[in-house]
Amino acid sequence: MDTKIFQGRLERWNDERGFGFIRVEANARDVFVHISAFKKNTSRRPRLDDIVLYEIHTEKDGKMQAVNAQIKGLSSAKTSRKSRKPGLRKSPRPSHNTSITKGISIVFILVMGVFLYKNYALESSRSNAVESTPKPVKQVKQVKTEYSCQGKVYCSEMRSCEEAMFYQRNCPATKMDGDHDGVPCERQWCGR
């Protein structure tokens with residue numbers, strides 16, 4: 001099966017979206033062309049008024065689309081490389097920029113690692129120092145009294161601040177220090 005090659009002028013082209021329309025001289029109907037239809041080895045992107053060689057693919061709905069397109073008069077990128085004389089091969093350039101970039105990246109990572117490790121060590125030593133420092137104990141006056149644990153739990157059951165202090169220090173399950181500051185019944189008896 002022979003494929004027929006057509007020729008037309010690129011009448012409309014949207015380079016941002018990568019498509020356009022080819023005006024066929026023999027046919028008044030334009031043919032849709034997508035950037036993917038151009039051979040990958042074409043040396044540049046299509047432009048308005050380019051003469052395009054292409055094959056036609058007809059969709060199921062009857063619309064025609066250009067495939068295997070090539071810009072007339074442009075040598076493909078592969079053939080232009082092959083057309084060079086064998087003795088004039090371009091020598092590969094060493095990529096100094098890549099080596100420098102890798103070196104800078106490694107140094108940066110090392111510096112950040114040292115910085116983070118020192119920060120971690122400093123924070124760790126601070127938290128250990130804080131944990132090992134004994135917290136001051138609040139001195140409470142020892143009051144000689146005749147109080148005894150009689151099952152009282154709440155401030156409303158106390159008759160004085162001394163009694164509330166005694167119950168808090170000596171009796172289990174009391175519920176008199178709501179803000180956990182060591183001073184019971186602040187609103188009723190031991191207010192500051």
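Everything quoted here is computed from the prediction, not taken from an experiment.

About the cut-offs
All residue numbers here refer to positions counted from 1 along the written sequence of the relevant chain. pLDDT decides what is reported in this predicted model: residues at 70 or higher carry local features, side-chain atom pairs at 80 or more are listed and counted, and totals for whole chains, interfaces and linings draw on all residues regardless. With hydrogens and water excluded, all non-hydrogen atoms of the structure serve as input to the side-chain values. Note on pairing: two strands pair once DSSP finds at least 2 bridges between them. We count a stretch as a helix when DSSP gives it H or I for four or more residues in a row; a strand needs E for two or more, and each element gets its number in order from the N terminus. Any pair of Phe, Tyr and Trp rings, taking the six-membered ring for Trp, is counted once the centres come within 6.5 Å. Such a pair is stacked with planes under 30 degrees apart, edge-to-face with planes over 60 apart, and tilted for the rest. Relative accessibility under 20% of the residue-type maximum defines a buried residue, over 50% an exposed one, and the middle range a partly exposed one, all with a 1.4 Å probe and only protein chains included. Exposure above 30% relative accessible area and the lack of any salt bridge qualify a residue for a patch; like charges then connect within 9 Å, and the nonpolar side chains Val, Leu, Ile, Met, Phe, Trp and Tyr within 5 Å. Note on areas: Shrake-Rupley, 1.4 Å probe, and residue coverage restricted to the protein chains presented here. By definition, a salt bridge exists where a carboxyl oxygen of Asp or Glu is found within 4 Å of a side-chain nitrogen of Lys or Arg. We call a set of buried residues a nonpolar core when its members are Ala, Val, Leu, Ile, Met, Phe, Trp, Tyr or Cys and they connect through side-chain atoms within 4.5 Å of each other. What makes two residues a contact is simply this: any of their non-hydrogen atoms within 4.5 Å. Under the rule applied, a polar contact is a pair of N or O atoms within 3.5 Å (in protein, one hydrogen donor and one hydrogen acceptor; residues adjacent in sequence only if both atoms are side-chain atoms).

Observations concerning the pairing of strand E5 (residues 64-71)
Pairing of strand E4 (residues 51-58) with E5, which is carried by 6 bridges, proceeds in the antiparallel orientation. What sits directly across from Val52, in E5, is Ile71. Count of turn residues in the E4/E5 antiparallel hairpin: 5 residues, of which Gly62 carries a positive phi of about 90°.

Looking at the packing of aromatic side chains
Evaluation of the coordinates by the stated rule reveals 7 aromatic pairs. Plain terms: the ring middles of Phe166 and Tyr167 are 6.0 Å apart, the flat faces sit at 85° to each other, and that makes the pair edge-to-face. The same class applies to Phe166 and to Tyr167, which are both buried. Within the aromatic cluster, the residues linked to one another by ring pairs are Phe19, Phe21 and Phe32.

Thoughts on a nonpolar patch on the surface
A grouping of Phe108, Ile109, Met112, Phe115 and Leu116 is seen on the molecular surface, where their side chains present a nonpolar patch of about 530 Å² in accessible area. The residue Met112 is located in helix H2 (residues 96-132) in this model.

Brief notes about the nonpolar core
Ile22, Val33, Phe38, Val52, Tyr54 and Ala69 are the most contacted members of the largest nonpolar core, which totals 14 residues. Counting only elements with at least two residues in this core, the list comes to strand E1 (6-14), strand E2 (19-24), strand E3 (30-34), E4 and E5. Looking at this core, the element that brings in the most residues is E5, giving 4 residues. Aside from chain neighbours lying at most four places away, what touches Ile22 is Gly8, Arg9, Leu10, Arg29, Asp30, Val31, Val33, Val52, Tyr54 and Ala66. The next biggest cluster of nonpolar side chains, apart from the first, holds 8 residues, and it includes Cys155, Met158, Cys171 and Cys185.

Description of the environment of Thr58
Relative to the helices and strands, Thr58 resides in strand E4. On the accessibility criterion, Thr58 (47% relative accessible area) is partly exposed. Those residues within four positions of Thr58 in sequence are excluded, and the remaining contacts are Lys63 and Met64.

A look at the side chain of Lys152
Position of Lys152 relative to the elements: it lies in the loop between H2 and helix H3 (161-170). A relative accessible area of 17% places Lys152 in the buried class. At 2.7 Å, the side chain of Lys152 and the side chain of Glu163 are in polar contact.

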